[in-house]
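Descriptive analysis of the structure
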Amino acid sequence: MAINDDDNLQELEGLADQLDDKSPSFDINQLPKSFQTFLKDNAIDPQIYSIVRLPRYIRWNTHIPEPQLPTLAQLKQQLHTDDVWQVPGLTGFFGIGPTSTRLVDIPAYKDKKVFGIDLSSAVAVEALEIDKDDHLLDVCCAPGAKLCMMANLLGHQGTGTATGVDIAAHRLATCRSLIRKYKIGQRIRLYEADATTFSLTAPLRLGAKTLSKKGDSPPADDHSDSRNTDDQPPPAKKPKTEQAVQKPFWASRLLRTSGNDPVRLYDKVLVDAECTHDGSISHILKYEKWGWDAFESNFMDTHRLNTICELQRNLMKQGWAMLRTGGIMVYSTCSLTIKQNEENVAWFLTEHPEAHLEPVPLSSQLGIRLAEIKKVQTTGAIQDLMNQHCVRFDPLLSNTSGFFLAKFTKSAK
Ligand SMILES: C[S@@+](CC[C@H](N)C(=O)[O-])C[C@H]1O[C@@H](n2cnc3c(N)ncnc32)[C@H](O)[C@@H]1O
């Protein structure tokens, strides 16, 4: 099935609206045989697809001044239910239980004061510890729920920017629509590119302001770091002209003629990798309406399944090459497979001695249960670190979409 912009927009609104509450419980025997085999091969419990009433989550659009944003009481009143709660530790982030009122119909949503984003996705963005002056790189950014939250966290005050990269133009178009819809694009630029080779460095200017002249210039070791990173073509060696000619798919007025600082790497990188999407329950179950044939050709393609881990590793590798020393990279997928999660993290830590797995601070405060980290063939030290620091959201346990994340910091080599 060719997925067009409208489908993509629906997909994203779907993050906010999930399945409607009249959905009957789903018979897992309806899942296509190829998918059932995939689940079995990857030790994923098919029962997760019997959960059709996961809570929905929304976040304040914090580009709007706080006094205008809806309170918990107002959201309860607009949604006609008391089953709305403030998620502990996440200001302006609310869970919504079953209700017959559609989220898209409430004033707060229509006025773009809130947008839909799953709790697990929000934890991945929070793990980046975004500061107003950070330069962010969002690898695989479309359709853009996480980029919206990243833009919100950058805010209006500092000199930070966000660069989103995605290979699919139609999905980037959805991302652009969202940015416009929520009026959060002042510091964003989007590139249509293969993120496994994307090597444009952080912006040089924000409007008339030259970014690297102030106290925000890169640490001295960024030069050596970018020269020596991995076996990727080092970003600092790219001729300026080549950097200048790559036109963004879309950029805010402040970043339209910005060019790229030849030596400035990104402070934070999110690699929300392309994956088999098996943890994204609401999305998978939409194929009940759209047709399982489309699902099989979109997701169960043998070549895709055989090459997805290689793609993910290359995305991580290039994201890492674009990260400055001292920066943070978050790797995440909406898959529950061990191969796309723990095995990739163990591989990455083995390949990159300068990568340090870090705790995800919020994950223990959310008032939900997390799943155990799976065991893989690696050293005891790496397995222990993964057990302590990686985060697995499992629909059956956590009552969220299936999601995995790992947070790394980068030290000098
Ligand atoms: C899981 S989705 C990302 C979701 C997104 N981060 C969000 O929050 O809405 C994966 C994305 O990866 C993109 N993608 C796949 N291969 C890519 C590549 N080689 N380079 C860049 N993007 C890629 C897909 O087009 C898709 O939009």
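Residues numbered from 1 in each chain as written. Predicted model: local features only at pLDDT ≥ 70, side-chain atom pairs only at ≥ 80, totals over all residues. Heavy atoms only, no water.

Per an unreviewed UniProt entry, the recorded name for the protein chain is S-adenosyl-L-methionine-dependent methyltransferase, and the organism is Hesseltinella vesiculosa. Under Sequence similarities (unreviewed entry), UniProt gives the following word-for-word description of the protein chain: "Belongs to the class I-like SAM-binding methyltransferase superfamily. RsmB/NOP family." (UniProt positions renumbered as here; feature names shortened; annotations may be inferred.)

As a further point, take the overall build of the protein chain. When helices and strands are counted, the protein chain shows 16 helices and 15 strands. In the protein chain, of all internal contacts separated by at least 6 residues, the share reaching a separation of at least 24 is 80%. (Helix = DSSP H or I, 4+ residues; strand = E, 2+ residues; numbered from the N terminus. Contact = heavy atoms within 4.5 Å.)

On strand 13 (residues 355–358), burial follows the alternation: Ala-355 and Leu-357 on one face are buried, whereas His-356 and Glu-358 on the facing-out side are not. Looking at chain direction, strand 13 and strand 15 (residues 403–410) are connected through four bridges and run antiparallel. The residue bridging Glu-358 from the neighbouring strand is Lys-407, located in strand 15. (Buried < 20%, exposed > 50% of the residue type's maximum accessible area, 1.4 Å probe, protein only. Pairing = 2+ DSSP bridges.)

Right, let's get into the site of the ligand. Neighbouring the ligand are 19 residues, the closest being Gly-144, Asp-166, Arg-171, Ala-195 and Asp-272. The separation between an oxygen atom of the ligand and a polar side-chain atom of Lys-146 is 3.0 Å. In the model, a nitrogen atom of the ligand is placed 2.9 Å from a nitrogen or oxygen of the Asp-194 side chain. Considered class by class, the residues forming the shell around the ligand number 11 nonpolar, two polar and six charged. (Near = heavy atom within 4 Å. Polar contact = N/O pair within 3.5 Å; in protein donor to acceptor, adjacent residues only side chain to side chain. Nonpolar A, V, L, I, M, F, W, Y, C, P; charged D, E, K, R; others polar.)

The biggest cluster of nonpolar side chains holds 59 residues, and the ones touching the most others in it are Leu-147, Leu-190 and Leu-405. A per-element tally of this core places helix 6 (residues 145–154) first, with seven residues. In terms of domain composition, this core takes at least three residues from each of domain 1 (5–118) and domain 2 (123–273 + 303–410). Each residue touching Leu-405, except ones within four places of it in the same chain, is listed here: Ser-120, Val-123, Ala-124, Ala-127, Val-330, Tyr-331, Ser-332, Val-360, Cys-390, Val-391 and Phe-393. Counting residues in each nonpolar core, the second largest holds 36 residues, with Ala-202, Val-269, Ala-273 and Val-345 among its members. (Core = buried A, V, L, I, M, F, W, Y, C linked by side-chain atoms within 4.5 Å. Domains from an automatic or database assignment.)

Turning to the packing of helix 5 (residues 119–126) against helix 6, a few remarks are in order. Packing of helix 5 against helix 6 leaves a shortest axis separation of 10 Å and a crossing angle of 45°. Taken as axis vectors, helix 5 and helix 6 run oblique relative to one another. Crossing handedness for the pair helix 5 and helix 6: right-handed. In this structure, helix 5 contributes Ser-121, Ala-122, Val-125 and Glu-126 to the contact, and helix 6 contributes Lys-146, Met-149, Met-150 and Leu-153. (Axes fitted to C-alpha atoms, helices over the stretch in contact; angles between N-to-C directions. Parallel < 35°, antiparallel > 145°, perpendicular 65-115°, else oblique. Left-handed = near helix turned anticlockwise from the far one by under 90°.)

The next thing to look at is the UniProt feature "active site" (unreviewed entry) in the protein chain. When the UniProt feature table is mapped onto this chain, "active site" (unreviewed entry) is found at Cys-334. Within the fold, Cys-334 resides in the loop between strand 12 (323–333) and helix 14 (342–351).

Along helix 15 (residues 380–389), the positions that sit buried rather than exposed are Ile-382, Gln-383, Met-386 and His-389. The buried residues of helix 15 occupy one face: seen down the axis, they fall within an arc of 150°. Along helix 15, the residues that are exposed and aim more than 90 degrees away from the buried face are Ala-381 and Gln-388. Looking at the buried residues of helix 15, the elements they touch are helix 14, strand 13 and strand 14 (391–393). (Arc of directions from axis to C-beta.)

To continue, consider the pairing of strand 6 (residues 161–166). Of all the six residues making up strand 6, six are buried; the element is thus mostly covered by neighbouring parts of the structure. Of the two faces of strand 6, both are covered, the one formed by Thr-161, Thr-163 and Val-165 as well as the one formed by Ala-162, Gly-164 and Asp-166. Here five bridges tie strand 5 (residues 135–139) to strand 6, and the two strands are oriented parallel to one another. Residue pairing for strand 6: Leu-136 is matched across the bridge by Ala-162.

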